[in-house]
Amino acid sequence: MLKENLSNVENAVQEACLKSARKRSEVTLIAVSKTKPVELLKEAYDAGIRDFGENKVQEICEKYDRLPSDIRWHMIGHLQRNKVKYIIDKVCMIHSVDSYRLAEEINIQAKKHKLVMPILLEINIADEQTKFGVSREDAILLAEEIAHLDSVRVEGLMAVAPYVEDAEDNRKYFQQLKKLAVDIQRKNIDNINMHALSIGMTGDFAVAIEEGSTMVRVGTGIFGERDYGHPASFQ
Ligand SMILES: *Cc1c(COP(=O)(O)O)cnc(C)c1O
(Lines give C-alpha, C1' and ligand atoms only; values in the text may rest on other atoms or scores of the structure.)
Protein backbone atom coordinates (compact mmCIF):
# COMPACT_ATOMS: atom_id res chain seq x y z
CA MET A 1 0.00 0.00 0.00
CA LEU A 2 2.80 2.45 0.88
CA LYS A 3 4.56 1.62 -2.38
CA GLU A 4 1.41 2.34 -4.34
CA ASN A 5 0.84 5.61 -2.46
CA LEU A 6 4.43 6.64 -3.13
CA SER A 7 4.19 5.93 -6.81
CA ASN A 8 0.92 7.87 -7.04
CA VAL A 9 2.52 10.85 -5.30
CA GLU A 10 5.65 10.57 -7.43
CA ASN A 11 3.56 10.50 -10.61
CA ALA A 12 1.63 13.57 -9.51
CA VAL A 13 4.89 15.37 -8.70
CA GLN A 14 6.25 14.55 -12.15
CA GLU A 15 3.04 15.64 -13.82
CA ALA A 16 3.08 18.99 -12.00
CA CYS A 17 6.73 19.49 -13.00
CA LEU A 18 5.89 18.73 -16.61
CA LYS A 19 2.90 21.06 -16.57
CA SER A 20 4.98 23.94 -15.25
CA ALA A 21 8.06 23.20 -17.36
CA ARG A 22 10.20 22.45 -14.33
CA LYS A 23 12.77 19.73 -13.83
CA ARG A 24 11.87 16.93 -11.45
CA SER A 25 15.25 17.47 -9.80
CA GLU A 26 14.18 20.97 -8.71
CA VAL A 27 11.59 19.53 -6.33
CA THR A 28 12.43 17.50 -3.23
CA LEU A 29 9.73 15.15 -2.02
CA ILE A 30 9.80 15.11 1.78
CA ALA A 31 7.90 12.20 3.31
CA VAL A 32 6.25 13.55 6.46
CA SER A 33 6.40 10.61 8.83
CA LYS A 34 5.19 12.15 12.10
CA THR A 35 3.23 9.71 14.32
CA LYS A 36 4.21 6.82 12.04
CA PRO A 37 6.20 3.81 13.29
CA VAL A 38 9.79 3.20 12.17
CA GLU A 39 8.76 0.06 10.29
CA LEU A 40 6.75 2.22 7.91
CA LEU A 41 9.61 4.68 7.51
CA LYS A 42 11.85 1.73 6.72
CA GLU A 43 9.44 0.71 3.97
CA ALA A 44 9.57 4.21 2.50
CA TYR A 45 13.37 4.15 2.80
CA ASP A 46 13.53 0.84 0.96
CA ALA A 47 11.35 2.36 -1.76
CA GLY A 48 13.98 5.09 -2.21
CA ILE A 49 12.87 7.91 0.08
CA ARG A 50 15.75 9.71 1.83
CA ASP A 51 14.06 12.93 2.97
CA PHE A 52 11.80 12.61 6.00
CA GLY A 53 9.89 15.38 7.75
CA GLU A 54 9.07 15.34 11.45
CA ASN A 55 7.53 17.94 13.75
CA LYS A 56 8.58 16.77 17.21
CA VAL A 57 12.06 16.80 18.69
CA GLN A 58 11.61 13.61 20.71
CA GLU A 59 10.28 11.72 17.73
CA ILE A 60 13.25 12.75 15.58
CA CYS A 61 15.68 11.60 18.26
CA GLU A 62 14.00 8.22 18.70
CA LYS A 63 13.70 7.53 14.99
CA TYR A 64 17.15 8.87 14.18
CA ASP A 65 18.82 6.12 16.21
CA ARG A 66 16.81 3.36 14.60
CA LEU A 67 17.09 4.23 10.93
CA PRO A 68 19.93 4.46 8.37
CA SER A 69 22.31 7.37 8.69
CA ASP A 70 21.97 8.59 5.11
CA ILE A 71 18.45 9.83 5.83
CA ARG A 72 18.00 13.59 5.65
CA TRP A 73 15.76 14.64 8.53
CA HIS A 74 13.79 17.86 8.12
CA MET A 75 12.42 19.63 11.20
CA ILE A 76 9.12 21.06 10.00
CA GLY A 77 7.27 21.73 13.26
CA HIS A 78 7.27 24.44 15.88
CA LEU A 79 10.58 24.32 17.72
CA GLN A 80 11.19 25.43 21.29
CA ARG A 81 14.53 27.06 21.94
CA ASN A 82 15.45 24.75 24.79
CA LYS A 83 15.14 21.72 22.49
CA VAL A 84 17.34 22.92 19.64
CA LYS A 85 20.36 21.22 21.21
CA TYR A 86 18.80 17.76 20.84
CA ILE A 87 18.40 17.92 17.07
CA ILE A 88 21.13 20.29 15.92
CA ASP A 89 23.41 17.45 14.81
CA LYS A 90 20.59 15.28 13.45
CA VAL A 91 18.60 17.40 11.01
CA CYS A 92 19.62 18.69 7.58
CA MET A 93 17.33 21.71 7.74
CA ILE A 94 15.00 23.53 10.11
CA HIS A 95 11.98 24.76 8.14
CA SER A 96 10.15 26.47 10.98
CA VAL A 97 12.16 29.48 12.12
CA ASP A 98 9.84 32.33 12.99
CA SER A 99 11.74 34.41 15.51
CA TYR A 100 15.15 35.95 15.93
CA ARG A 101 15.52 34.34 19.34
CA LEU A 102 15.07 30.87 17.87
CA ALA A 103 17.56 31.60 15.08
CA GLU A 104 20.00 32.88 17.69
CA GLU A 105 19.77 29.65 19.69
CA ILE A 106 20.20 27.56 16.53
CA ASN A 107 23.27 29.66 15.80
CA ILE A 108 24.74 29.00 19.25
CA GLN A 109 24.16 25.25 19.06
CA ALA A 110 25.38 25.00 15.46
CA LYS A 111 28.58 26.79 16.41
CA LYS A 112 29.15 24.32 19.24
CA HIS A 113 28.99 21.50 16.71
CA LYS A 114 31.09 23.42 14.18
CA LEU A 115 28.36 23.30 11.58
CA VAL A 116 26.23 25.75 9.66
CA MET A 117 22.52 24.97 9.86
CA PRO A 118 20.34 25.63 6.80
CA ILE A 119 17.06 27.22 7.88
CA LEU A 120 13.86 28.52 6.33
CA LEU A 121 11.75 31.40 7.59
CA GLU A 122 8.21 30.26 8.34
CA ILE A 123 5.62 32.69 7.05
CA ASN A 124 2.02 32.79 8.26
CA ILE A 125 0.88 33.26 4.72
CA ALA A 126 -2.87 33.51 5.31
CA ASP A 127 -2.59 35.38 8.63
CA GLU A 128 -4.26 32.55 10.51
CA GLN A 129 -4.32 33.00 14.28
CA THR A 130 -3.87 29.27 14.86
CA LYS A 131 -0.66 29.09 12.83
CA PHE A 132 2.95 29.79 13.63
CA GLY A 133 5.10 31.95 11.42
CA VAL A 134 5.84 35.63 10.92
CA SER A 135 3.70 37.92 8.82
CA ARG A 136 4.84 38.83 5.32
CA GLU A 137 5.50 42.35 6.62
CA ASP A 138 7.86 41.13 9.33
CA ALA A 139 9.71 38.63 7.15
CA ILE A 140 12.19 41.07 5.64
CA LEU A 141 13.02 42.49 9.05
CA LEU A 142 13.59 38.99 10.42
CA ALA A 143 15.83 38.11 7.47
CA GLU A 144 17.89 41.25 8.08
CA GLU A 145 18.25 40.44 11.77
CA ILE A 146 19.27 36.84 11.16
CA ALA A 147 21.73 37.76 8.41
CA HIS A 148 24.61 38.41 10.81
CA LEU A 149 24.37 35.00 12.51
CA ASP A 150 27.21 33.10 10.88
CA SER A 151 26.30 29.54 11.87
CA VAL A 152 22.86 29.60 10.30
CA ARG A 153 22.17 30.00 6.60
CA VAL A 154 18.78 31.23 5.44
CA GLU A 155 17.88 29.23 2.33
CA GLY A 156 14.31 30.36 1.73
CA LEU A 157 10.76 30.40 3.00
CA MET A 158 8.28 27.89 4.34
CA ALA A 159 4.53 28.09 4.85
CA VAL A 160 1.67 25.89 5.95
CA ALA A 161 -1.24 26.94 3.76
CA PRO A 162 -4.82 26.73 5.06
CA TYR A 163 -6.65 23.44 4.92
CA VAL A 164 -8.90 23.65 1.87
CA GLU A 165 -11.15 21.30 -0.05
CA ASP A 166 -10.03 22.75 -3.37
CA ALA A 167 -6.25 23.13 -3.78
CA GLU A 168 -6.86 26.00 -6.21
CA ASP A 169 -7.91 28.11 -3.21
CA ASN A 170 -4.29 28.03 -2.02
CA ARG A 171 -2.73 29.08 -5.32
CA LYS A 172 -2.85 32.76 -4.37
CA TYR A 173 -0.97 32.06 -1.12
CA PHE A 174 1.73 30.13 -2.94
CA GLN A 175 2.06 33.00 -5.40
CA GLN A 176 2.33 35.50 -2.54
CA LEU A 177 5.05 33.44 -0.89
CA LYS A 178 7.02 33.19 -4.12
CA LYS A 179 6.71 36.94 -4.59
CA LEU A 180 7.90 37.55 -1.04
CA ALA A 181 10.93 35.33 -1.68
CA VAL A 182 11.75 37.34 -4.81
CA ASP A 183 11.33 40.62 -2.91
CA ILE A 184 13.69 39.48 -0.15
CA GLN A 185 16.23 38.15 -2.65
CA ARG A 186 16.22 41.52 -4.41
CA LYS A 187 17.36 43.21 -1.21
CA ASN A 188 20.65 41.34 -1.60
CA ILE A 189 21.05 40.82 2.11
CA ASP A 190 24.36 39.16 2.97
CA ASN A 191 24.03 35.49 3.90
CA ILE A 192 20.36 35.36 2.84
CA ASN A 193 19.32 33.13 -0.03
CA MET A 194 15.80 32.58 -1.24
CA HIS A 195 16.15 29.59 -3.54
CA ALA A 196 14.13 27.18 -1.38
CA LEU A 197 10.35 27.29 -1.07
CA SER A 198 8.89 24.68 1.27
CA ILE A 199 5.21 24.65 0.32
CA GLY A 200 2.63 22.06 -0.63
CA MET A 201 1.17 19.18 1.37
CA THR A 202 -0.96 16.16 0.46
CA GLY A 203 -3.95 18.22 -0.63
CA ASP A 204 -2.20 20.88 -2.65
CA PHE A 205 1.36 19.90 -3.59
CA ALA A 206 0.67 19.86 -7.33
CA VAL A 207 -0.52 23.48 -7.26
CA ALA A 208 2.45 24.39 -5.02
CA ILE A 209 4.88 22.91 -7.56
CA GLU A 210 3.21 24.87 -10.35
CA GLU A 211 3.82 28.00 -8.28
CA GLY A 212 7.49 27.32 -7.60
CA SER A 213 7.73 24.96 -4.63
CA THR A 214 11.14 23.33 -4.27
CA MET A 215 10.16 21.13 -1.32
CA VAL A 216 6.80 19.46 -0.93
CA ARG A 217 5.95 17.96 2.47
CA VAL A 218 3.63 14.99 1.95
CA GLY A 219 2.39 12.92 4.88
CA THR A 220 -1.08 11.46 4.46
CA GLY A 221 -0.62 10.91 0.74
CA ILE A 222 2.31 8.57 1.43
CA PHE A 223 1.69 7.04 4.85
CA GLY A 224 -2.10 7.24 5.09
CA GLU A 225 -4.21 9.02 7.69
CA ARG A 226 -2.61 9.79 11.03
CA ASP A 227 -4.23 8.34 14.14
CA TYR A 228 -3.51 10.77 16.96
CA GLY A 229 -5.82 8.88 19.29
CA HIS A 230 -3.91 5.62 19.10
CA PRO A 231 -1.87 4.87 22.23
CA ALA A 232 1.33 4.32 20.28
CA SER A 233 4.68 5.68 21.40
CA PHE A 234 4.72 8.59 18.98
CA GLN A 235 2.08 11.12 19.94
C1 LIG B 1 1.81 17.18 9.05
C2 LIG B 1 2.49 18.20 8.23
C3 LIG B 1 2.59 18.06 6.83
C4 LIG B 1 1.99 16.91 6.05
O5 LIG B 1 0.59 17.03 5.98
P6 LIG B 1 -0.27 16.07 5.03
O7 LIG B 1 -1.52 16.83 4.80
O8 LIG B 1 -0.49 14.81 5.83
O9 LIG B 1 0.49 15.82 3.80
C10 LIG B 1 3.29 19.04 6.14
N11 LIG B 1 3.85 20.09 6.77
C12 LIG B 1 3.77 20.26 8.11
C13 LIG B 1 4.42 21.43 8.74
C14 LIG B 1 3.09 19.31 8.88
O15 LIG B 1 3.02 19.48 10.21
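Now for a description of the structure that goes with this document.

Conventions and cut-offs
- The residue numbering used here restarts from 1 in each chain and proceeds along that chain's sequence as written.
- Restriction of local features to residues with pLDDT of at least 70 applies here, the model being predicted, together with a cutoff of 80 or more for giving and counting side-chain atom pairs; totals for whole chains, interfaces and linings are based on all residues.
- Hydrogens are left out, water is left out, and the side-chain values use all remaining heavy atoms of the structure.
- Type-normalised accessible area, obtained with a 1.4 Å probe on protein chains alone, sets the label of each residue: buried when under 20%, exposed when over 50%, and partly exposed for intermediate values.
- Secondary structure follows DSSP: runs of H or I at least 4 residues long count as helices, runs of E at least 2 residues long count as strands, and numbering of each begins at the N terminus.
- Any two strands with at least two DSSP bridges between them are considered paired.
- Orient the strands so they point away from the viewer, and a crossover whose first-strand-to-second-strand path over the helix runs clockwise is right-handed.
- We count a salt bridge whenever a side-chain nitrogen from Lys or Arg sits within 4 Å of a carboxyl oxygen from Asp or Glu.
- Nearness of a residue to a molecule or strand requires only that one of the residue's heavy atoms be within 4 Å of it.
- We define a polar contact as two N or O atoms separated by no more than 3.5 Å, with the added condition that, inside protein, one atom must be a possible hydrogen donor and the other a possible acceptor, whereas residues neighbouring each other in sequence contribute only through side-chain atom pairs.
- Areas reported as accessible are Shrake-Rupley estimates using a 1.4 Å probe. Residue values count occlusion only from the protein chains shown.
- Every definition here rests on a 1 Å grid over the protein atoms only: cavities are sets of points where a 1.4 Å probe fits but cannot get out, pockets are open sets enclosed by protein on both sides within 12 Å along at least five of seven lines, and lining residues have some atom within 4 Å of a point.
- To be counted as sitting in a cavity or pocket, a molecule needs more than half of its atoms within 2 Å of that site's grid points.
- Classification of ring pairs rests on two measures: the distance between centres of Phe, Tyr or Trp rings, Trp counted by its six-membered ring, which must be within 6.5 Å, and the angle between planes, read as stacked under 30 degrees, edge-to-face over 60 and tilted in between.
- Lysine NZ or arginine CZ positioned within 6 Å of the ring centre and within 35 degrees of the ring normal marks a charge as sitting over the ring.
- Grid points are joined across faces, edges and corners, and a volume is the space filled by probe spheres set on the points.
- Three classes are used: nonpolar for Ala, Val, Leu, Ile, Met, Phe, Trp, Tyr, Cys and Pro, charged for Asp, Glu, Lys and Arg, and polar for all others, with Gly counted as polar.

**Observations concerning the pairing of strand β2 (residues 51–54)**
Then, number 1: Burial along β2 is two-sided: Asp51 and Gly53 facing one way and Phe52 and Glu54 facing the other are all buried.
Then, number 2: Here 2 bridges tie strand β1 (residues 28–32) to β2, and the two strands are oriented parallel to one another. Across the sheet, residue Val32 finds its bridge partner in β2, namely Gly53.
Then, number 3: One crossover worth recording links β1 to the parallel β2 by way of helix α2 (residues 38–46), and it is right-handed.
Then, number 4: Sheet topology places β2 next to strand β3 (residues 72–75); 4 bridges connect them, and they run parallel. Within β3, the position partnered with Gly53 by the bridge is His74.

**A short note on the pattern of salt bridges**
Then, number 1: Applying the stated criterion across every chain yields a total of 17 salt bridges.
Then, number 2: The residue Asp89 makes a salt bridge to Lys90 at a minimum N-O spacing of 3.6 Å.
Then, number 3: In this structure Asp89 comes out as partly exposed when scored by relative accessible area, which is 39%.
Then, number 4: For Lys131, the salt bridge is made with Glu128, and the minimal N-O distance between the two is 2.6 Å.
Then, number 5: Of the residues examined, Glu128 reaches a relative accessible area of 22% and is grouped as partly exposed.
Then, number 6: One continuous salt-bridge network, built from bridges that share partners, spans Lys19, Glu168, Arg171, Glu210 and Glu211.

**Some words on the site of the ligand**
Then, number 1: Close to the ligand lie Val32, Lys34, Ile76, Met158, Val160, Met201, Thr202, Arg217, Val218, Gly219, Thr220 and Arg226.
Then, number 2: Between the ligand and the protein, one listed contact pairs an oxygen atom with a backbone N or O atom of Gly219 at 2.8 Å.
Then, number 3: Within the side chain of Arg226, one N or O atom sits 2.8 Å away from an oxygen atom of the ligand.
Then, number 4: For the ligand, whose accessible area on its own is 390 Å², the fraction buried by protein is 88%.
Then, number 5: A molecule is said to occupy a pocket when more than half its atoms come within 2 Å of that pocket's grid points, and by this definition the ligand occupies the largest pocket.

**Observations concerning the packing of aromatic side chains**
Then, number 1: Scanning all chains against the criterion turns up 1 aromatic pair.
Then, number 2: Aromatic pair Phe52 and Trp73: ring centres 5.7 Å apart, planes at 35°, arrangement tilted. Taken together, the positions of Phe52 in strand β2 and Trp73 in strand β3 put the pair 21 residues apart, joining distant regions of the chain.
Then, number 3: Directly above the aromatic system of Tyr45 lies the positively charged group of Arg50, at a separation of 3.5 Å from the ring centroid.

**Details of the layout of surface pockets**
Then, number 1: For the largest pocket, the calculated volume is near 720 Å³.
Then, number 2: Lys34, Val160, Ala161, Met201 and Arg226 are, among the 30 residues lining the largest pocket, the residues nearest its centre.
Then, number 3: In this structure, the second largest pocket spans a volume of roughly 200 Å³.
Then, number 4: Surrounding the second largest pocket, 13 residues form its lining, Glu10, Arg24, Leu29, Gly48 and Ile49 being those nearest its centre.
Then, number 5: Elements supplying a minimum of two residues to the lining of the second largest pocket: α1 (2–19) and β1.
Then, number 6: Of the residues forming the lining of the second largest pocket, the biggest block, 3 residues, is contributed by α1.
Then, number 7: Classifying every residue of the lining of the second largest pocket by side-chain character gives 5 nonpolar, 4 polar and 4 charged.

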